[in-house]
Amino acid sequence: MTTPDATKKTTRARTKPPAATAEREEAPSKPGGAKDVILEVDGLEKYFPVTQGILFRKKVADVKAVDGLSFSMTRGETLGVVGESGCGKSTTGRLITRLLEPTAGKVVFEGRDITHTSQAQLRPTRRDIQMIFQDPYSSLNPRQTIGAIVGAPFQIQGIQTEKGIKRSVQELLELVGLSPEHYNRYPHEFSGGQRQRIGIARALALRPRMIVCDEPVSALDVSIQAQVINLLQDVQTELDLTYIFIAHDLSVVRHISDRVAVMYLGKIVEFADNTSLYERPLHPYTHALLSAVPVPDPEREKTRERILLTGDVPSPLNPPPACRFHTRCWKAQEICKTVEPPLLELAPGHQVACHFPEERVLV
Ligand code: SF4
């Protein structure tokens, strides 16, 4: 068994991942160093049909997992996506990486509409958008060596590297703080944090431009979480990566994100830059989520206000009408049950979908 100590303590002095020799367009950049838009999502929806019947199955309803998301991201940015289980955040990640086909809406990556492109046409884009999965235990094939797992993207895309795939994989292992000697080992020989590093190495293999990190640290111990987050930040700086960071832990998202989208039952209810969202949240749901995050100051922890949400998240099969949060909101009034609040910009870059946004500042 390889112990966590075998992991290199620092990942800063590293080489870039190997460049594939196959021809590749350079990332478009804007003159004057202005940040350019890398991703645009417009009206994205994913409805999963619910069917009934044995011989003749017919659709009786839809599970509205994602229901009309619109946002854009600039190159090098990290967008945190938070919300309770079942709010549609992982489905959003899978729609952007095209692991799922959207029901409606548009995904435009680097100016190319990839919403309905065929798998063959999507092949070059697959190199640019990669995913890191939540569970480092089930996302690695236990029968394959680390070399085969991390080298798989090269094999699948039919890419040769200048130094050969084996050397390239070993460089990737070094990049994520593992040893090149781990090449011939199997996933069961590694700890959870090391396995997630292997997943990160695999995601970096083809030098992507964007990575969707789907709860990458949720299954790890707190101390290991910090190491993996630091690694993600290091490689982002080195490789100018754009991240969508999906999590239910708001303190983790605060640490890594530039902007944050709060989701509730398939919709974005608040969208803001990191500081505004954490210091002056406007949506009651965001207030409730933040009030549940422990603070490391015992005096402040004793005095601060706690908002306890009652009940579970309603089913996305039959979401409440108008404001979907009204069944759990302490501020709900009649209009909340009849008129859906639009996502409006109430301060520069700070959007919220609520008829009665909060005015209190969190202490
Ligand atoms: Fe609460 Fe009404 Fe705002 Fe919905 S619109 S979050 S029910 S106050």
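In this report, we go over the structure that sits alongside the text. Keep in mind the model is a prediction, meaning the values are calculated, not measured.

1. Observations regarding the overall build of the chain
Phase 1 of the analysis: Helix and strand counts for the chain come out as eleven helices and twelve strands.
Phase 2 of the analysis: Expressed as a percentage of its 363 residues, the buried residues of the chain come to 39%.
Phase 3 of the analysis: The long-range share in the chain, meaning contacts at least 24 apart out of those at least 6 apart in sequence, stands at 67%.

2. As for the site of the ligand
Phase 1 of the analysis: If you check the shell around the ligand, you find Pro284, Cys323, Phe325, His326, Cys329, Lys331, Ala332, Cys336, Pro341, Cys354, His355 and Phe356 and nothing else.
Phase 2 of the analysis: Class assignment for the residues of the shell around the ligand results in nine nonpolar, two polar and one charged.

3. Here's the deal with the environment of Lys331
Phase 1 of the analysis: Secondary-structure assignment places Lys331 in the loop between helix H10 (298-303) and helix H11 (334-338).
Phase 2 of the analysis: As for Lys331 and Pro357, which are separated by 26 residues in sequence, their C-alpha atoms are 9.2 Å apart.
Phase 3 of the analysis: Excluding residues within four positions of it along the chain, Lys331 makes contact with Pro284 and Phe356.

4. So, the environment of Glu215
Phase 1 of the analysis: For Glu215, the location among the structural elements is in the loop between strand S7 (210-214) and helix H6 (222-239).
Phase 2 of the analysis: A sequence separation of 33 residues divides Glu215 from His248, and the C-alpha atoms of the two residues are 7.6 Å apart.
Phase 3 of the analysis: Those residues within four positions of Glu215 in sequence are excluded, and the remaining contacts are Gln134, Ile246 and Ala247.

5. Re the sheet that holds S7
Phase 1 of the analysis: Ordered by their spatial adjacency, eight strands build an open sheet running S6-S7-S8-S3-S9-S10-S12-S11, and the pairing between neighbours is mixed. Single-partner strands in this sheet number two, and they are strand S6 (129-132) and strand S11 (344-347). Ignoring which end each strand starts from, the neighbouring axes of this sheet average 25° apart.

6. Here we look at the sheet that holds strand S1 (residues 37-52)
Phase 1 of the analysis: Spatially, the four strands line up as an open sheet ordered S2-S1-S4-S5, and their pairing is antiparallel. Of all the strands in the sheet, the pair left with one neighbour each is strand S2 (58-74) and strand S5 (112-113).
Phase 2 of the analysis: Against the sheet, helix H1 (residues 89-96) makes contact with S1, S2 and strand S4 (104-109), and its axis sits at roughly 70° relative to S2, the strand it touches most.

7. Focus on the pairing of strand S3 (residues 78-82)
On a regular strand, one side chain projects to one face of the sheet and the next to the other, so that they alternate.
Phase 1 of the analysis: Most of S3 is tucked away, with five of its five residues classed as buried.
Phase 2 of the analysis: The two faces of S3 match: Thr78, Gly80 and Val82 on one face and Leu79 and Val81 on the other face are all buried.
Phase 3 of the analysis: Bridge count for S3 against strand S8 (residues 242-247) is five bridges, and the pairing is parallel. By the bridge assignment for S8, Val82 is matched with Ala247.
Phase 4 of the analysis: Bridge analysis of S3 against strand S9 (residues 259-264) gives four bridges, and the strand direction is parallel. Across the sheet, the residue bridging to Val82 is Val262, located in S9.

8. Description of the packing of helix H3 (residues 146-157) against helix H4 (residues 165-175)
Phase 1 of the analysis: Where H3 contacts H4, the two axes come as close as 9 Å, and the packing angle between them is 110°. Comparing their axes, H4 and H3 come out roughly perpendicular. Crossing handedness for the pair H3 and H4: right-handed. From H3, Gly147, Val150, Gly151 and Phe154 reach across to H4, where they touch Ile165, Lys166, Val169, Leu172 and Leu173.
Phase 2 of the analysis: When grouped by side-chain class, the residues that make up the contact of H3 with H4 number six nonpolar, two polar and one charged.

9. Some remarks on unusual backbone geometry
Phase 1 of the analysis: For Arg207, which is not glycine, the phi torsion reads 55° and is therefore positive.
Phase 2 of the analysis: Note on placement: Arg207 falls in the loop between helix H5 (192-204) and S7.
Phase 3 of the analysis: Judged by the 17 C-beta atoms lying within 10 Å of it, Arg207 falls in the partly exposed class.

10. Some words on the environment of Gly83
Phase 1 of the analysis: Tracing the backbone through its elements, the reader meets Gly83 in the loop between S3 and H1.
Phase 2 of the analysis: Among residues more than four places away in sequence, those in contact with Gly83 are Lys89, His248, Val262, Met263 and Tyr264.

11. Here we look at helix H9 (residues 284-291)
Phase 1 of the analysis: Among the eight residues of H9, six are classified as buried, and the element is accordingly described as predominantly covered.
Phase 2 of the analysis: For H9, the full list of buried residues reads Pro284, Tyr285, Thr286, His287, Leu289 and Leu290.
Phase 3 of the analysis: Against helix H7 (250-256), S9, strand S10 (267-273) and helix H8 (274-279) lie the buried residues of H9.

Cut-off values and rules
- Residues numbered from 1 in each chain as written.
- Predicted model: local features only at pLDDT ≥ 70, side-chain atom pairs only at ≥ 80, totals over all residues.
- Helix = DSSP H or I, 4+ residues; strand = E, 2+ residues; numbered from the N terminus.
- Buried ≥ 20, exposed ≤ 12 C-beta atoms within 10 Å, placed from the backbone.
- Contact = placed C-beta atoms within 7 Å.
- Near = placed C-beta within 6 Å.
- Nonpolar A, V, L, I, M, F, W, Y, C, P; charged D, E, K, R; others polar.
- Pairing = 2+ DSSP bridges.
- Axes fitted to C-alpha atoms, helices over the stretch in contact; angles between N-to-C directions.
- Parallel < 35°, antiparallel > 145°, perpendicular 65-115°, else oblique.
- Left-handed = near helix turned anticlockwise from the far one by under 90°.

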